[in-house]
Amino acid sequence: MFENITNGKIGSALVVGGGIGGMQAALDLAESGIKVYLVDNKPSIGGVMAQLDKTFPTNDCAMCTMAPRLVEIGRHKDIEKITYSEIESIIGKPGNFKVQLKKKPRYVDEKKCTGCGACVSNCPTRNSVQLIEKEKVALQPQYVEKVTSIINKHRNRKGPLMPILQEVNAAYNYFPENVLKYISQEIDYPLSHITRVATFYSSFSLKPIGKYTLNVCMGTACYVRGSGILLEQFSEKLNVKVGETTEDHLYTLKAVRCIGCCGLAPVATIGESVYGKLQAKDISGIIEKKKNEAVEYAKVNN
Amino acid sequence: MAEKKRIELMVCTGTGCFAGGAYQIIDELKKELELFGLKEEVTVVATGCNGFCGQGPLMVVLPDNIFYGWLETKDIHHLVEEHFLKGRPVKKLMFIPPEQKEPLPLISDIPFFKKQLLIVLRNKGIIDPEKITDYIARDGYLAISKVLSSMNPIDVVNEILKSGLRGRGGAGFPTGRKWQVASQQSKSPKYLIANCDEGDPGAYMDRSVLESDPHSVIEGMTIAGYAIGSTNGFIYVRTEYPLAIKRMRIAIEQAQEYGLLGKNILGTNFNFEIEIREGSGAFVCGEETSLIHSIEGNIPEPRQRPPFPAQEGLWGCPTVINNVETLANVPVIISRGADWFSNIGTETSKGTKIFSLVGKINNTGLIEVPMGITLREVVYEIGGGIPKDKKFKAVQTGGPSGGCIPAELLDSPIDFESLQKAGSMMGSGGMIVMDEDTCVVDVAKFFIQFTNDESCGKCVSCRDGSDALLEVLTRISNGEGMDGDVEFLTELAESVKDASMCGLGQTLPNPVLSTIRYFKEEYEAHIKEKRCPALVCRNLIEYYIDPNKCVGCLLCIKTCPTEAIKGESKHIHIIDQEKCSKCGQCMEVCPPKISAILKITGKDINNMVQLTELISCKEWKKEHEPAHS
């Protein structure tokens, strides 16, 4: 790496990022006698750790880890902090390069400032709320009527999220991204929260799923009567993995928890129909039959 | 109320029978009755789950109490003509006990029903669940009128305390104590939740209660609401139970119409509303704090207790969460008295418990038995033993949180404490019977896979612990087990138990621990001998065609999905083990008279004669027959 450097410790190093990692790197380098430039794009070094109370996994106090390093960097003669700056370009190769920095203006003379904070408390615009205006989410026309009516039905009850998600899911079989954003805007729940809830439950999906959901019961009773093998057979016949949808969007194959027909084990369901005491040899017939039904249905409706 | 007819046909429309075509049977019955001009005399009622699901679709003829099972639409014409017109019950549709010839016509004579004691399921199959009048005719809503007219909330709590009723959801916490804590809270409003998020695989008690007798749950909830001082009830039902949700919805509407729910119930100043909330397929939501989060619309992860929900629950208010079965017990206790109830059962476990008896058993179905009955009585007398005369191996209770109870403990009583001592638990009431063809390693793996999938991921011990357990179990069942694996599993299981926050994590190692405790030799066989005694674990078994039996009929060759079997007509077929996916279809199609295909494991694999070239059956016989005789 340092092939151009022949006689040991010369030159200087650049550390980009003044978080806990960057600080430690800068100190280590400086201790071994190298001049260090520590660059950060924030007005001060410290990074994310400065915002933490404790750290995983030992629950150590974050400030206790960081503060000694902050002080040491402040005092070290071989470390030069360049904060509120961003790297524009790097020219050269490892071991021998030039860096161009862009230093953002602070409107304060750093050499004279003592960090007393008086300017902050006296700033006339400081106490006015500065909110970034959120962009309004608009629904695609095909969703408007249904989704707004579902939201209006539930928005005034306590805990509206689950009923809304359930009804939207019943209507579309999955959650289009835009619809989730719209729900978030309308009932004022953070999108991150809604997404977490929507991905927690197994009957919700963020991807479109097939016309029929082919559920193979993996309850204990079915399992001991061989539903595991059935599932594999379905997967092979449909040429999809469990949880995936066939190319023609007809089937989504799923393994489900007990559907309570243990007397009929092993059981699979397609849409509303239940197939009990299923054997591996029946599988092709069932898949084809449903497929034909769907074709017939399409014919009649066109 | 409808006038009494000469005959009532109670056709079960629980999910099992529904799937078997109960509604087609009903349509056919109605058609045939009309044809014979019996429409005025005979009425057809769609009831909730009868319980004897293994016989579905089925019906009971009232008032004679005659039981007909395995109905098919083609039998109906004959049945209506013979029985309802001419008065001669049809023997061939009646229940015939295994290995006997004479059918048992009366439902009360069938051993499956004989040993049962119906308290919660008192109305199953007798009433139409979609008619409130049927429930009222069977003394329904008497308990709530007794409570509202002559009891203080404190009396109700005390009565339930005295009865010794314990929660039927699994842990068995005394119901009265829960109510007491909630009733003493000063904060309001208070909430009541009926937990019907029945996620255990192989268990469907709560669903049956909702489907066959929804009003008993409504009445129980109203009484509970009165006792704790709540006016808002929720019933949390799995979305996988559409029929239960539909019937509950109808029941709530009807109860509101009759003034039994809503404002000023029965003319008093007590108000109570019930709202249905649906789950969306997350097992952990059965845990009470998760369930609360789910209703609130938050991420359904459990939280640390205390504060218990009875102190701080839904939206921070005191909340009582009871299982559906628990609540269905309440009206009976109130009308018949705590003393009567506490006489049933054992010292510490009172009353009855519903179990879903499934798996390798002759009479699958839903049963309600008094606490303290032995497992032997359940398996052999009610369940009618194991099909095909196989050997009983174990019974799994308590779902993924429970354990396996081996044959040695068949005579131990079923109650909360005994099951716990045996390394299992009552759980919500799944009872899965396993015979000698069930591999315990495979079963343990299945349950850990389930809990691993369903773990919400909040606690590391549960999330990663179940991963590690699964990895080791998979290794063992793949024949890659190592010395010390059993000890490692035990140690890991114990730490998962200790370090997890909610019931899911604390109990998930039970299937592993209990199978190791009772079937250690089977684990050892997998690890040391690479042998699966039950012939289940795929990597340890091979399918093998017995040359002495094969007649070269080509059936298995045609069926094999991987084309792993080679052979010609009248030549002994050979399975190419490299290609074989071990699906077992060849064994299914091999005619039972010949049954030339065997499953083998362990040392047997090397001891079998390995044919490499095709040889005709005749030639083989010539070479080998004399040597045998």
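Residues numbered from 1 in each chain as written. Chains lettered and ligands numbered in written order. Predicted model: local features only at pLDDT ≥ 70, side-chain atom pairs only at ≥ 80, totals over all residues.

Asks: How should I be thinking about the overall build of chain A in this particular structure?
Replies: Scanning chain A from N- to C-terminus turns up ten helices and eleven strands. Burial statistics for chain A: of 302 residues in total, 25% are counted as buried. Considering only contacts in chain A between residues 6 or more positions apart, those separated by 24 or more positions represent 57%. (Helix = DSSP H or I, 4+ residues; strand = E, 2+ residues; numbered from the N terminus. Buried ≥ 20, exposed ≤ 12 C-beta atoms within 10 Å, placed from the backbone. Contact = placed C-beta atoms within 7 Å.)

Asks: Please explain the overall build of chain B as it appears in this structure.
Replies: The secondary structure content of chain B amounts to 26 helices and 17 strands. In terms of overall size, chain B behaves like a compact globule, its C-alpha atoms giving a radius of gyration of 28 Å where 629 residues would be expected to give roughly 25 Å. Over its C-alpha atoms, taken along the principal directions, chain B stretches across nearly 90 × 70 × 40 Å. Counting all 629 residues of chain B, 54% fall into the buried class. Taking the intrachain contacts of chain B between residues at least 6 apart in sequence as the baseline, contacts between residues at least 24 apart amount to 72%. (Rg over C-alpha atoms; globule rule 2.2 N^0.38 Å.)

Asks: Explanation requested: the domain arrangement of chain A in the structure shown.
Replies: Considered domain by domain, chain A is made up of domain 1 (12-104), domain 2 (141-200) and domain 3 (212-301). Here the C-alpha centre of domain 3 of chain A lies 58 Å away from the C-alpha centre of domain 1 of chain A. (Domains from an automatic or database assignment.)

Asks: Which parts of the structure should I look at to understand unusual backbone geometry?
Replies: Negative phi characterises most residues that are not glycine, and trans characterises most peptide bonds. Residue P189(B) follows S188(B) across a cis peptide bond; omega there is 0°. Mapped onto the elements of the fold, P189(B) is located in the loop between α8 (175-184) and β5 (191-196). In this model, N239(A) sits at a positive phi of 60°, which is unusual for a non-glycine residue. Mapped onto the elements of the fold, N239(A) is located in the loop between α9 (227-238) and β9 (251-256).

Asks: Any chance you could explain the sheet that holds strand β13 (residues 430-435) of chain B here in plain terms?
Replies: Within a beta sheet, neighbouring strands are joined by backbone hydrogen bonds and run either parallel or antiparallel to one another. Residues and elements named next belong to chain B. What the five strands build is an open sheet, ordered β10-β9-β13-β11-β12; its pairing is mixed. Edge positions in the sheet fall to β10 (365-370) and β12 (403-406), since each of these pairs with one other strand and no more. Pairs of neighbouring strands in the sheet enclose a mean axial angle of 30°, with direction left out of account. One ladder, built from four bridges, connects strand β11 (residues 392-397) with β12; its direction is antiparallel. The residue bridging Q396 from the neighbouring strand is C404, located in β12. Helix α15 (residues 375-382) contacts β9 (352-359), β10, β11, β12 and β13 of the sheet and is inclined by roughly 115° relative to β11. (Pairing = 2+ DSSP bridges. Axes fitted to C-alpha atoms, helices over the stretch in contact; angles between N-to-C directions.)

Asks: What exactly am I supposed to notice about the interface of chain B and chain A here?
Replies: Reports often express the size of an interface as the amount of accessible area lost when the parts come together. Of the residues lining the interface, 45 residues belong to chain B; the matching set on chain A comes to 34 residues. Secondary-structure elements contributing two or more residues to the side of chain B that touches chain A are α1 (15-19), β7 (273-278), α12 (288-296), β9, β13 and α24 (585-589) of chain B. Grouping the amino acids of the side of chain B that touches chain A by side-chain chemistry returns 17 nonpolar, 21 polar and seven charged. (Nonpolar A, V, L, I, M, F, W, Y, C, P; charged D, E, K, R; others polar.)

Asks: Is there a simple way to think about the nonpolar core in this case?
Replies: Proteins that are soluble and globular tend to have nonpolar side chains buried together. Residue and element names in this part refer to chain B. Counting residues in each nonpolar core, the largest one holds 194 residues, and the members touching the most others are M59, I223 and A224. In this structure M59 touches L9, M10, V11, C12, Y68 and L71, once residues within four positions along its chain are discounted. A564, I565, C586 and C590 belong to the second largest nonpolar core, which has 15 residues in total. (Core = buried A, V, L, I, M, F, W, Y, C linked by C-beta atoms within 7 Å.)

Asks: Honestly, helix α2 (residues 22-35) of chain B in this entry has me stumped. Any pointers?
Replies: Note on helix geometry: an α-helix contains 3.6 residues per turn, so any two residues three or four positions apart are oriented the same way. Residue and element names in this part refer to chain B. Taking 1.5 Å as the rise per residue, α2 with 14 residues should run 20 Å; its terminal C-alpha atoms sit 20 Å apart, in good agreement. Buried within α2 we find A22, I25, E28, L29, E32 and L33. The buried residues of α2 occupy an angular sector of 130° when projected down its axis, which confines them to one face. Set apart from the buried face of α2 by more than 90 degrees, the exposed residues are E34 and L35. G37, located one to two residues past α2, shows a positive phi value of around 70°. (Expected span 1.5 Å × (residues − 1). Arc of directions from axis to C-beta.)

Asks: Would you mind showing me how to read the domain arrangement of chain B here?
Replies: All names here are of chain B. Domain assignment breaks chain B into domain 1 (7-107), domain 2 (132-342), domain 3 (352-435), domain 4 (440-528) and domain 5 (540-628). The gap between the C-alpha centroids of domain 2 and domain 3 is 27 Å. Contacts between the two partners involve 14 residues from domain 2 and, on the opposite side, 17 residues from domain 3. In the side of domain 2 that touches domain 3, the residues fall into four nonpolar, five polar and five charged.

Asks: Would you explain the packing of helix α17 (residues 440-454) of chain B against helix α21 (residues 510-518) of chain B in this entry?
Replies: Two numbers describe a pair of packed helices, the interaxial angle and the distance between the axes. Residue and element names in this part refer to chain B. Look at α17 against α21: their axes get within 8 Å of each other, and the N-to-C directions meet at 165°. When the axis of α17 is compared with that of α21, the two are roughly antiparallel. Note on packing geometry: the crossing formed by α17 with α21 is left-handed. The residues of α21 that touch α17, namely those facing V440, V443, A444, F447 and I448, are P511, V512 and T515. For the contact of α17 with α21, the per-class residue count stands at seven nonpolar, one polar and no charged. (Parallel < 35°, antiparallel > 145°, perpendicular 65-115°, else oblique. Left-handed = near helix turned anticlockwise from the far one by under 90°.)

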